[in-house]
Amino acid sequence: MGNSYAGQLRTTRFEEVLHNSIEASLRSNTVVPRPVFSQLYLETEQPLAHDGRTENDDEDEEVGSESNSPPLPYQMKPPPEGCCTTDGFCQAGRDLRLSSLGSDPSDVPPGFMLVGVRCPSLPETLLVCAVDRRFLPDERGHNALLGFLGNCMGCGEKGFRYFTEFSHHINLKLSTQPKKQKHLKYHLYRNNQGVLVKGAPICWRGHDGRTRQTGSSLSEGHVTSDGQPPNMTLTRPTHTPGSYTAGSAVDPVALPQIADVSHSLTNDNHAAPSITQPPLNQSRPGRPSAKGSHANAGPPKKRHKGWSPESSANNLPESTAKTPPSSSGLSTLSVSSVFTNGARSGLSVTIPDQLLHTCSLQPVIFKGHGPLPQLTGNANEVLLSSLLQSCYLSSQTLPRVYQHYGPSPIQPLSTEMQILLTVYYLVQLGPDQVPLIEDLEQIFMRSWRESHLSEIRQYQQPQTPASQGRHYGIETTSTLPGLPQHLSLPPQSQQPLTPSQLPWLAQLAASSCGEGVVVLGEKIGSLAQGLQQMFSRLMEGRLENTNYVVVIVTTPGQETQSCVVVTGKHQCRALAESMYSPKEGLKEINHQLSTGIAQELIHYCNSQQDGDLDSLLDSATVDSSEPSPLSSSQESAEERNLKTTHSPKDTNSPKDSHTQCSKDLPSPKERVSSPKDTCSEYSVEWREVRPIQLAVARKLLSHVCAIADSSTQNLDLGSFDRVSFLILVPSSEVTFQQTVLHLWNSGVLQELGGLDQECVSQREAERFVVKMDQSAQARIDSLTQEAQSNSYTLYILVHDHAHCDITSASHSSSDCGLGLVDQLLNSRQVRDAPNILILHVTSFPFALQTQYTRISPYNEIHWPSAFSNDMDLYHEKTRYFGVSELLETTRSGSSLPLMRHDSSFESMVSALEERFPKLHSAVIRTTVLIQHYCVALMAASGRIDSSHNLHKHTSVETLEIVQSLLTASQQCPAHHGHMVLLRIPSLALAAWAHRRLSRVRRQLGLEESFEIILGNPNQALNIGQSFTDQIKTWLKIQDADWVPQTYLELEALPCILILSGAEPLGESLPRSLKYCDLRVISCAYLQRTTLEQELGLAAYLVRAESRPPHNPGPGSDLLESDAEKLSSTDNEEEGRENRDSPLSCSQQVQSCPDSGALDPFPAQSTTSPNVSQKGTMDAIQPPSQSQTQLQPQPPSFPYPQATIHQPQVQSYSQAQPISQLQPQPQIQSQSLSQTNSQTYTQTLPLHQSLSQMQIPPPQTQPHPPAQSRHQHSKSTSSGSLSPRAPSPHQSCSWARGVSRPPSVLLPRALYDIITASDSSGLPRCSSFLPHMSVAWASSFRPLLSKMMTCTEQSLYYRQWTVPRSNHMDSSNRTEGRNDNFHPRRLLLSGPPQVGKTGAYLHFLGILSRMLIRLMEVDIYDEEDINYSAQAEGVLYHLPNASWPNPDIMRTMPFDYTIHDPKYDDTSSVYCPGFTPSFEGNPVRLEDVYLRRRTARIKLSKYAAYNTYHHCEQCHQYLGFNPRYQMYETTLHAFTFTHLLLGEEIQLYFIIPKSKEHYFSFSQPGGQLESMRLPLTSDWTPDCIKSPIFTPTTGRHEHGLFNLYHAMDGASHLHILVVKEYEMAVYKKYWPNHIMLVLPTVFNGAGIGAAHFLIKELSYHNLELERSRRLEGGAPTGDVWPFIILADDSCVMWNAVELDAHNGSVEHAVSLKQILQHMEACPDLAHYGLCGIRKWSSRGLTGNKQREPFSRGLLHDFLLLNVDRSQNVQYDQNRFTCHDVDFTLRLHSAGLLVCGFNSFSVMKKQIAIGGYRTFIIKTKTTDVPTSVGPSQYICAPDSKHLFLATPAQLLLEKYLQHTRQKLFPLSTKNYTHPVLSVDCYLNLGPEVTVCFVSSRPHSVNISTTGLLFSGLLLCFVDSFVTPGFLKKFTFLKGATLCVISADRSSLRQTVGRLELEEEWRFRLSDEFQTANAKEDRPLFFLTGKHI
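Remember, predicted model here, so these are calculated numbers, not experimental data. (Residues numbered from 1 in each chain as written. Predicted model: local features only at pLDDT ≥ 70, side-chain atom pairs only at ≥ 80, totals over all residues. Heavy atoms only, no water.)

Peer 1: Explain the overall build of the chain residue by residue, including any values.
Peer 2: Check the secondary structure of the chain and you find 58 helices and 54 strands. Across the 1986 residues of the chain, 63% fall into the buried class. Counting only contacts in the chain whose residues sit at least 6 apart along the sequence, the fraction spanning at least 24 positions is 79%. About 72300 Å² of surface is accessible on the chain, with carbon and sulfur atoms providing 51% of the total. (Helix = DSSP H or I, 4+ residues; strand = E, 2+ residues; numbered from the N terminus. Buried < 20%, exposed > 50% of the residue type's maximum accessible area, 1.4 Å probe, protein only. Contact = heavy atoms within 4.5 Å. Areas by Shrake-Rupley, 256 points an atom, 1.4 Å probe, with all protein chains shown as cover.)

Peer 1: Mind laying out the environment of Ala847, listing which residues take part and the relevant values?
Peer 2: If you trace the backbone, Ala847 turns up in the loop between strand E18 (836-842) and strand E19 (860-862). Linking Ala847 and Tyr1357, residues 510 residues apart in sequence, is a C-alpha distance of 8.5 Å. Excluding residues within four positions of it along the chain, Ala847 makes contact with Ile806, His1331, Val1334 and His1367.

Peer 1: Talk me through the side chain of Asn1761; I want residue IDs and the actual numbers.
Peer 2: Considering the arrangement of structural elements, one finds Asn1761 in strand E46 (residues 1757-1761). A distance of 3.2 Å separates a polar atom in the side chain of Asn1761 from the backbone nitrogen of Arg1764. Setting aside residues up to four positions removed in sequence, Asn1761 forms contacts with Pro1681, Phe1682, Leu1724, Ala1725, Tyr1727 and Gly1728. (Polar contact = N/O pair within 3.5 Å; in protein donor to acceptor, adjacent residues only side chain to side chain.)

Peer 1: Go over the environment of Ala765 with me, naming the residues and quoting the values.
Peer 2: Locating Ala765 in the fold gives a position in helix H27 (residues 762-765). As a C-alpha pair, Ala765 and Asn745 span 20 residues in sequence and 9.8 Å in three-dimensional space. In this structure, Ala765 is in contact with Val740, Leu743, Trp744 and Leu749, ignoring residues within four places of it in sequence.

Peer 1: Go over the packing of aromatic side chains with me, naming the residues and quoting the values.
Peer 2: Tallied over the entire structure, the rule returns 29 aromatic pairs. Centre to centre, the rings of Tyr604 and Phe916 are 5.9 Å apart; their planes meet at 70°, and the pair counts as edge-to-face. Residue Tyr604 is located in helix H19 (residues 599-606), and its partner Phe916 is located in the loop between helix H32 (903-915) and helix H33 (921-941); the two are separated by 312 residues in the primary sequence. Its relative accessible area of 6% is what places Phe916 among the buried residues. Residues Phe1601 and Tyr1626 carry aromatic rings whose centres are separated by 6.1 Å and whose planes lie at 50° to one another, so their mutual orientation is tilted. Taken as a pair, Phe1601 in the loop between strand E38 (1588-1591) and strand E39 (1614-1618) and Tyr1626 in helix H51 (residues 1623-1629) lie far apart in primary sequence, 25 residues in all. When sorted by exposure, Phe1601 lands in the same class as Tyr1626, which is buried. (Phe/Tyr/Trp six-rings, centres within 6.5 Å; stacked < 30°, edge-to-face > 60°.)

Peer 1: An account of the environment of Gly1677 is requested, with residue identities and associated values reported.
Peer 2: Within the element layout of this structure, Gly1677 appears in the loop between helix H52 (1647-1671) and strand E41 (1682-1686). Residue classification places Gly1677 among the exposed positions, given a relative accessible area of 57%. C-alpha of Gly1677 to C-alpha of Leu1575: the two residues are 102 residues apart in sequence and 8.9 Å apart in space.

Peer 1: So what's going on with empty space enclosed by the protein? Which residues, and what values?
Peer 2: To find leftover empty space, one rolls a probe the size of a water molecule over the atoms. Its volume calculated, the largest cavity comes out at about 540 Å³. As for the largest cavity, its lining consists of 34 residues, of which Lys1462, Asp1687, Asp1756, Lys1803 and Arg1812 are closest to the centre. For the lining of the largest cavity, the elements supplying multiple residues, two or more each, are helix H49 (1485-1490), H52, E41 and helix H54 (1778-1788). Within the lining of the largest cavity, the residues separate by chemical class into 13 nonpolar, 10 polar and 11 charged. (1 Å grid on protein atoms, 1.4 Å probe; cavity = no way out; pocket = protein on both sides within 12 Å on 5 of 7 lines; lining within 4 Å. Points joined across faces, edges and corners; volume = space filled by probe spheres on them. Nonpolar A, V, L, I, M, F, W, Y, C, P; charged D, E, K, R; others polar.)

Peer 1: Can you lay out the nonpolar core for me, pointing to particular residues and giving the numbers?
Peer 2: One finds Ile365, Leu531, Met534, Leu1050, Val1304, Leu1306 and Ile1314 to be the most contacted residues of the largest nonpolar core, which totals 125 residues. At 9 residues, helix H12 (residues 415-428) tops the list of elements feeding residues into this core. Those residues within four positions of Leu1050 in sequence are excluded, and the remaining contacts are Met979, Ile1013, Leu1021, Ile1023, Ile1031, Pro1044, Pro1070 and Ser1072. Core analysis: the next-biggest nonpolar cluster, separate from the first, contains 112 residues, Leu1547, Phe1589, Ala1649 and Leu1855 among them. (Core = buried A, V, L, I, M, F, W, Y, C linked by side-chain atoms within 4.5 Å.)

Peer 1: Outline the pattern of salt bridges, supporting the account with residue identities and numerical values.
Peer 2: Per the stated rule, a full pass over the model turns up 56 salt bridges. With its nearest N and O atoms 2.9 Å apart, the salt bridge here joins Arg891 to Glu888. By relative accessible area, Arg891 is classed as partly exposed at 39%. The partner of Arg1492 in a salt bridge is Glu1422, and the shortest N-O contact between them spans 2.9 Å. Of this pair, Arg1492 sits in the loop between H49 and strand E33 (1494-1498) while Glu1422 is found in the loop between strand E31 (1416-1420) and helix H48 (1446-1451), placing the two residues 70 residues apart along the sequence. (Salt bridge = Lys/Arg side-chain N within 4 Å of Asp/Glu carboxyl O.)

Peer 1: An account of H19 is requested, with residue identities and associated values reported.
Peer 2: Burial in H19 covers these residues: Gln599, Leu601, Ile602, Cys605 and Asn606. One face of H19 carries all of its buried residues, which in axial projection span an arc of 160°. (Arc of directions from axis to C-beta.)

Peer 1: For the sheet that holds strand E3 (residues 150-152), give the residues involved together with the corresponding values.
Peer 2: In spatial order, the strands read E3-E2-E1-E4-E5; together these 5 strands make up an open sheet with antiparallel pairing. This sheet does not close on itself; its edge strands, each paired only once, are E3 and strand E5 (196-201). Ignoring which end each strand starts from, the neighbouring axes of this sheet average 45° apart. The pairing of strand E2 (residues 122-132) with E3 spans 3 bridges and is antiparallel. Bridging across to E3, Val131 finds its partner in Gly150. (Pairing = 2+ DSSP bridges. Axes fitted to C-alpha atoms, helices over the stretch in contact; angles between N-to-C directions.)

Okay, here's the thing in structure tokens:
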């Protein structure tokens, strides 16, 4: 780097200025120090490069040599004669200089780039050339091909294949070998003015092996072999060799390289060194480096000389081989004790002998800059870590967005600045703090951001994907994590820090902390010399008070080198233990226990000044005639080996304490035998399903439906008829039994039909739950085989606690049980099965949210947040109290927080750790903890003489826990108590602790007082028989063989649970958990998942009526993956505290064990709005006089810890009798009540008055809250009960405790980390690396934001984390998937213990119900109407006749009666011999439509489906499966004329390419000519001859147009008839269907117009087909003339078969079968119209001998002969009853109508769309308004509110609803119908219509002798004459109604028919529909018969 300076230092002031400024910055409290460096320089003489050298220095170095060998002389060959040799010109004499070519247009061939070439003879000038981009590196320095291909931009010569040749051509005149890496320097680009300018440098670093060596290799001339990536001089903004990391986070192209990383490819270890965690992550420095799994971490194309196979020793392979990924993000990476093949520099460092023995520590050497020398000698006593080096490299690896934008790229931090910041960081660490690389990384990031703030803002937007929103941009944090603001950074001035300044600055910085940090920088020529000096000082004891030694080497002409040596005992121990993976750590503990290394510690702890603890115990041993079953077998061989107990010294406990605790305890036998000892408060509520669980279950169901509804066809819910499931749980027996218990109680098994209602037992439920051990393989295999054979069953694989095993199957060993999830759930059989859906359930989803995740972000379901405003919608009776709330209790200073540490325990542990340096800290901590518990038990039992001062050997916290445990069961008549949880991860230590505590319990005679349970995940729960009997009594269990199998069943059992195992495996704990003792858990593994798993043990559901103890303000919901945003402002926080004050009636605060009825509302605790519950709650404040009166402190507590205890606060449920809350006379200080009553009332909820709390209002006292409390004087140290006999409400400690979360005790180091906040205000643990198996994608990531929702948090992790090679998702990118998400995989996340199991079990139930519901459909199930009065006639056909006989059909009378129940609100048609009944009130059509009777019927396999149905068979039929090409469609116009339409009508056909064979086109132009029709003689077994037309509107999604299954796969022609404005949406949903688009004029028309057009078009097409056939020589009459008119709601079809035994049997058949049967009818051509009946469940019961064929009205599904019915048209104007009208006219024309009664059609109820949906609205507004039928008409030429509704519809609706006004004589008068000529109109259900046709030769009923009550003439034609009307006789006063299209035709009709002769008209009897003139209203005239 050199020692040149850009400016002259003022040497006279340098030391003074520098020293004073740094001292001031270190000691002051100001926010930012003054810019010191700017004071140290004069005016600069030359422009500076980033690292303090001039640009020329850089050039000189680079031009000089690529290694440290002297440059080789290079002789250029002479140029050809006559060539130009001028600098800046090519040999052809053309100018190449950038300044000359800048504005000239350049012709750059494709694939080439313009590049600036540096010419040595013209240092200020760049030459322009074009180079093939394949031979240039990308922005990461990778992927450049060897070789060269360039063009001259001067003369245009092309094809230079060698750079040497090209350099001659452009006259570079080099003295060294020409190399493209030296001279191709910059990209060139055109700016906004079009001028060619210099751009970003070309990134040659790391590309090929010939780049220059850096670091010490520049001077020492050797190749580093220990894998240290040489550090590059930071003169250019390029990368260190292969160290690019940050860009990989945003470069999807390079991501697949991760999966290919092998252990031997150590290049990528340095290629991705940075993936460090967010700040404040680990408390120890070894962390699994992301290197191995980093995206762009591939080796260079050619092996760099500095890359050595040995480099794997200290990096990635270490994380998978030497130290498997340890839990921390810090952990595995790098701490290693492998030192072979160090740097072969000739310099080595000898490690002194007896180093560990002499110094009692193992130093940890952090590699920094430059390669470490070889370490020889006693190498196993020194640890080596490359973690710091990785941090350095990653902090210098800029994301590419900062590299190639603009001409002046951003520079990374210089080496010197990194070293100085490291010293600053180490200086500010406390003596017991362990350095966190994450903190240092964030310090680097902030320093870099502050120095490049403007540039970052400029480039921030391109870097941040828009989809990630505001959260993922780079943030400039306000403070540095772990670094006090006043010393945060040496200011980054414009002048960089130079190497010669570095030692000065570092030593000055270190001087502020005394000997804590030592900097070796002066006169240090190499790292080897510095390390040797450090070892010498260490052995001489000169570093006894030094925690860190920083070695800095700044030799002139060389790169700055550095390393950091950790020499603090505490820090070395923590770092050494962090070297182990969790599994290895447990192995080491087992080794220390099994080899007896721990014996010395045990013996030491066991001995006390006043005697051996065992001897004290022996003296106190009581004779127990019946030892408990557990304790009788406790004395094992190992117990005898480790029989000595240990009694660490700690704070004292009261001498006179607890003498009453165990003496008065009745035995369990007594308890069980006394039935009167019951507790009215006891209840078990954990089996209830809560409203929020139902809501989450519905969210899960909606996500499953979303998968099914998407167009990806990944889940066809409609094809499944049942649900089966398998729940996978971790290999914990308790978790397994717990899940089985939940499943058994949920009722899901009965609901799914898995087991009969009667025979369900818990044992049978075990078939549906699988432990993920080796036995799981067979269960999963059998499930996949079952899934393959049962394609109609949907299998749900629920992977509960999904975070527990995410190990890749290829990285797991067979014995560890890991990798099973990957092996089973990610197998191809499970992944590809279309009927297997996987649901991952976890409290810690972070490890499943990486860049390679298999779970789509759209398939994540998050538990609703407790901070969400929507929580009130769930009406929850409970409130969740989790990690965020625990943290919140630590922030309120008025009461003892629920989460705390034990300082006296920590001081004892620290002392023993120094005394026993070789022992693992877990062994020491467990030994001390169990010793504390043993001593506390001895002290509390009262059996040890108080003269032994036992209180000195335990802590206040432990003593309180034991006190509470022993006294709790005394307070309840049923002896309910608490659970104390001891978390001891090591199985061996846990077993030892269990034996030790059990022995002490037995010797103290406390075996019947409480149980001690060993929670081993591999074993079933085992408790003593007496305690089992107790639980059975409480739970009222009669089964003699029942034993508790889950911790939940231990509710209210007083016990100590020792929970072991490397991590909790999902075990739920009972609500009686009161203390969660985590003092032994490891502080070495600091991932977010690991920490939250342990803290999650204390998660708790409190009753909603008792507010949580410390009502969390806007705390962090990031800790528990809550779904909603938190409030963040102070105002919101205040509002929350006032609104949800925790001081409600049933909360309780206590300071010592629940002993007696103490003060329910002590004044001390009411001063705080946040009151702790469920544990030790102490107000930390000096005792005032009043407090002393209430709570005298005994003299036996000389330590300050004793003064923190305050009276217990109890409260009661609101239903409590007032008498129990009456004030009691107590000693009370007036000042106490005065000082506290105000705050008490302030903290009451605003909505909760004192009367609601049922506390009597005060009569005499001015301070009701204080007056109305029990004030019991109680000593903290006293274990005796209050003399007053408490009521059961007050006495049951368990009942009081269920409203309070447990207290949590943590190690001090962990407590400090967890309770600290980062710069965004979040708890530090939320920004830790999420899991040991993932790595950060870049150091340049933003911090998590406090305002992130859980969804945004998921996106954050998906962007910024990548899986390591041992993660099961690491191979996900290499499987060739495009989207990489598994389509049928869901993730349910929610905080621990919140109720996720109940939610997903309920989800299984409602999913099953939904599938059953999907397999069912609501069918109209209505009995035929108007059959009651009809006499059963004779049978015309045989019951089993297949087809109708035309001759017989002609003899059958036509049945005019309407039988279709949908027409029960219409006018009946007069039929002789039929008498209807007019019963009940008439109902309106709309009302009937909404309330028609339906039946729920299961779909048959021949059903028609809507667009939501997806199955494999339908894919091609539907035509929009992404696996198939989207079907192309063409639009064809078709024109024909019709007399009734009066003009040419142009229709459009939309025809998919696949359906064009159904049509014929003209040869030249492809014009649509006709639709092909088969011949009558044609018949194929798999084809339907009749085209099917389905008119539809408003039902593009819900219409049943998928006839694939209904047709049983038969070929058929199906045409949808749609309105023009709906064409696009129908085409979108049904791309493979042919569509007939109605003309524009029919957009507002009804169903009559659609049927009219279909029929007329079909006849026209029949004529065209006959002509086409005639041209081909075929007979014209043989063309098939039938079409099918089908409703869009026909869903299934049935056939009736005659059974000899059961009579008629109806069963489902395919539409294909029905149509082929009808088409095969021999005499079908004789019929004009055929149809089938509508299905009814009572269709066969009412009339068993129903005629198989009928002759009457037909509806819904018609087979129409367009040839025979040529002269009868549908009425194109009709909206209602058009089919009745058409059939009547068809029959009157003499055509045969036949109904096939052996077939029926089922119609689905579709509430959306359809032709019966009429909206009548006014012209003035589009909003439908309430318009009555009387407003449908008006007088002509009057001012009236016009309606925007077709005139025909208004007329039809008016006639229907005003029958009494229009035809008064006709109402309920069947014998005098209204005569309707040539049409049928609905006049309402009480009016009978007699239809007659005026056509000659028409068939009409006999009207002889019939008197009509009215006459209806609608659009009469010329066939109606006066003579025709005179045939009919009318009643006097009968009503006439004449309807015409306009007033003139109305008058003409009256005149032509001579109506005035017999009818009287008035001027006021003329009306029109309420339409504007432009809407062509209809006119009608009414009159009375004379």
